[in-house]
Amino acid sequence: MALDTQTLNSLGFAKPPAETRVVVAMSGGVDSSVVAAMLAEEGYDVVGVTLQLYDHGAALAKKGACCAGIDIHDARRVAEQMGFPHYVLDYENIFKDAVIDEFAESYLGGATPVPCIRCNERVKFKDLLETAKDLDADCMATGHYIQRMVGGEGPELHSAADANRDQSYFLFSTTPEQLSYLRFPLGHLKSKAETRELAAKYGLSVADKPDSQDICFVPDGNYASVIEKLRPGAAEPGEIVHADGRKLGSHKGVIHYTIGQRRGLGIGGLEEPLYVVKLDVDKQQVIVGPKEMLATRKVPVREINWLGDEPFTSRDEWHLKVKVRSTRPPRDAIIRPISDTEAEVELLTPEEGVSPGQACVFYAPESSRIFGGGWIWRGY
C-alpha cells in the first residue's frame, strides 16, 4: 500500500526525525556545517563524518584548502556545539589511489583533469556512502548545491536554485542507486547569503569562513609543481611548434600548459596571437595556432553515467544541452549514443578550448533536470 506522503519527514521517510539517522559529510566549511546544524535542530539522529584525504602538513595554515587540518577542527566544533557525534576517517590511501594518482597520469597524458568529480564519484559517494550504510544511516546528506527531486521513475538530479552556486557539473556521475540514498538540503536556497544567514542563526563559528577555492591537494593552484612531486622527471623540456610545422621556441615541460592557453608561452614578437591547440605528450611538443583552431563541434565522450528515464541507447539522438567546462553555460547539442557508455556529442555552436579530461554534462533543454554526462577523452 502506498504511503501517505503527508506522513513523510523532510528527508522523505515515513517516521519521526528522531528515528531517522542521517550521516552528514562535513568538510568543515559553512555549507556542510549548516546542513548538519539544520538537521540536528529538526531532531534527526545526526552523525557527522569528516574525511582526512591527504597529509595536512603543508596546508594547516591554508584557509582555502577544503581538507586542511583546521577544517577537521571546525567540523568537530560544530558537532560539539549542536550535540551530535563526529568521526574523522582516514581515507588517505583511498584518495591517493582513486583520485591523486589518476590526476597525475591524466595531466601527464596531456589532459585537463577534474579531480573533484572523481573524489565525489570514487570516495565520497562510494566508500563514505558505504560507511554511512554500515552506521545504519537511512541516508547521507551533503552541503552540495544541487537538487534531488522525486519524479515518476524515481529520484532525479536537478540544478540548484542558485545558478551561481550550482554544482551539477561536479556531480553528474552520481548513479541512480547513490541518488536514492543521498540528500542535498541546500539545493533549493536562492543564494549563498541564505546559507550564511542560517549559519549565523545557529551561532556557528564558521558563519563567515571563506569558501574553498582550490583543489584540496593543490592549495596554491600550481598543478605542475604537484605533478613534479608525484612524478619526478615529468617536466621534460621540448619544442613549441606552430600547427603549420614551424618551430617557435622551447618549453620546460608539457605539464605546464593547457589547451586554450595564450599567456606565458614565451613566443612573443609574432603578428598573430597564438593559443595552445594541442599537447603531444609522446613528442614532448606544445602545438600552438590561431584562436579559430580551438573551435570544436564534435566531442567524443565515454564513461557515460545516464540518468534518463529511458535507456540511453533507446534513441539514435538526444537533443539536450551540454556543458563542456564548469564555468560555461549549457549549450544546445545533439548526443548520438555509440554504446551504453559512449557517445559522440555534436555542439550546435562550436566551443573553444574543449579539452580531454574535462566532463561533458547533459542538461534538459526546458527544465532544471540533469541527464548525467561523461568524460571527454580525445581532443580535436
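Criteria and cut-off values
- Residues numbered from 1 in each chain as written.
- Predicted model: local features only at pLDDT ≥ 70, side-chain atom pairs only at ≥ 80, totals over all residues.
- Heavy atoms only, no water.
- Helix = DSSP H or I, 4+ residues; strand = E, 2+ residues; numbered from the N terminus.
- Rg over C-alpha atoms; globule rule 2.2 N^0.38 Å.
- Buried < 20%, exposed > 50% of the residue type's maximum accessible area, 1.4 Å probe, protein only.
- Contact = heavy atoms within 4.5 Å.
- Axes fitted to C-alpha atoms, helices over the stretch in contact; angles between N-to-C directions.
- Parallel < 35°, antiparallel > 145°, perpendicular 65-115°, else oblique.
- Nonpolar A, V, L, I, M, F, W, Y, C, P; charged D, E, K, R; others polar.
- Core = buried A, V, L, I, M, F, W, Y, C linked by side-chain atoms within 4.5 Å.
- pLDDT = per-residue confidence, 0-100.
- Polar contact = N/O pair within 3.5 Å; in protein donor to acceptor, adjacent residues only side chain to side chain.
- Pairing = 2+ DSSP bridges.
- Salt bridge = Lys/Arg side-chain N within 4 Å of Asp/Glu carboxyl O.

**Here we look at the overall build of the protein chain**
Helix and strand content of the protein chain: seven helices and 17 strands. Computed over C-alpha atoms, the radius of gyration of the protein chain comes to 22 Å, within 12% of the 21 Å expected from 2.2 N^0.38 for 380 residues, which places it in the range of a compact globule. Its C-alpha atoms give the protein chain principal-axis dimensions of roughly 70 × 50 × 35 Å. The 380 residues of the protein chain split such that 51% are buried. Contacts in the protein chain between residues at least 24 apart in sequence constitute 63% of all its contacts with a sequence separation of at least 6.

**Thoughts on the packing of helix H3 (residues 92–108) against helix H7 (residues 223–230)**
Where H3 contacts H7, the axes come no closer than 10 Å and their chain directions differ by 110 degrees. Classed by the angle they form, the pair H3 and H7 counts as roughly perpendicular. Contacts from Ile100, Phe103, Ala104, Tyr107 and Leu108 of H3 reach H7 at Tyr223, Ile227 and Leu230. Within the contact of H3 with H7, the residues separate by chemical class into eight nonpolar, no polar and no charged.

**Brief notes about the nonpolar core**
Soluble globular proteins: nonpolar side chains tend toward being buried together. Counting 49 residues, the largest nonpolar core has Phe95, Val123, Met140 and Phe217 as the members making the most contacts within it. If you list the elements that add at least two residues to this core, you get strand S1 (21–25), strand S2 (45–52), H3, helix H4 (115–134), helix H5 (176–181), H7, strand S16 (359–363) and strand S17 (369–376). What Phe217 contacts, discounting residues up to four positions off in sequence, is Tyr54, Phe95, Val99, Ile100, Phe103, Pro115 and Val226. Within the second largest apolar cluster, 31 residues are counted, among which are Leu11, Met26, Ala40 and Tyr145.

**Regarding the confidence of the model for the protein chain**
Summary statistics for the protein chain give a mean pLDDT of 89 and a share of 93% for residues scoring 70 or more. Long-range and interchain partners of residues 1–5, a stretch whose pLDDT sits below 50, account for two contacts in this model, where long-range means more than four residues apart. In the predicted structure, residues 56–67 sits below a pLDDT of 50 and forms 27 contacts with residues beyond four places in sequence or in another chain.

**Comments concerning the side chain of Gln178**
Here Gln178 lies in helix H5. A distance of 3.0 Å separates the side chain of Gln178 from the backbone nitrogen of Thr175, its partner in a polar contact. With sequence-adjacent residues up to four places away left out, Gln178 is seen in contact with Glu121, Phe125, Lys126, Leu129 and Ser173.

**Points about the sheet that holds strand S10 (residues 275–280)**
Overall, mixed pairing links the four strands, which are arranged S9-S8-S11-S10 in an open sheet. Pairing within the sheet leaves two strands with one partner each, and these edge strands are strand S9 (247–251) and S10. Strand-to-strand twist of the sheet, defined as the mean angle between neighbouring strand axes without regard to direction, takes the value 30 degrees. In this sheet, strand S11 (residues 285–289) lies alongside S10 in antiparallel orientation, the contact comprising five bridges. By the bridge assignment for S11, Val276 is matched with Val288.

**A few points about the pattern of salt bridges**
All chains considered together, the criterion is met by 29 salt bridges. The residue Asp71 makes a salt bridge to Lys209 at a minimum N-O spacing of 2.4 Å. Of this pair, Asp71 sits in helix H2 (residues 69–82) while Lys209 sits in the loop between helix H6 (192–201) and H7, and the two are 138 residues apart along the sequence. A relative accessible area of 3% means that Asp71 is categorised as buried. The residue Glu346 makes a salt bridge to Arg336 at a minimum N-O spacing of 2.7 Å. Separated by ten residues along the polypeptide, Glu346 in strand S15 (residues 343–352) and Arg336 in strand S14 (residues 331–337) bring together distant segments of the chain. Glu346 sits in the buried class, given a relative accessible area of 16%. Residues participating in the shared-partner salt-bridge network are Asp31, Arg165, Lys192, Arg196 and Asp211.

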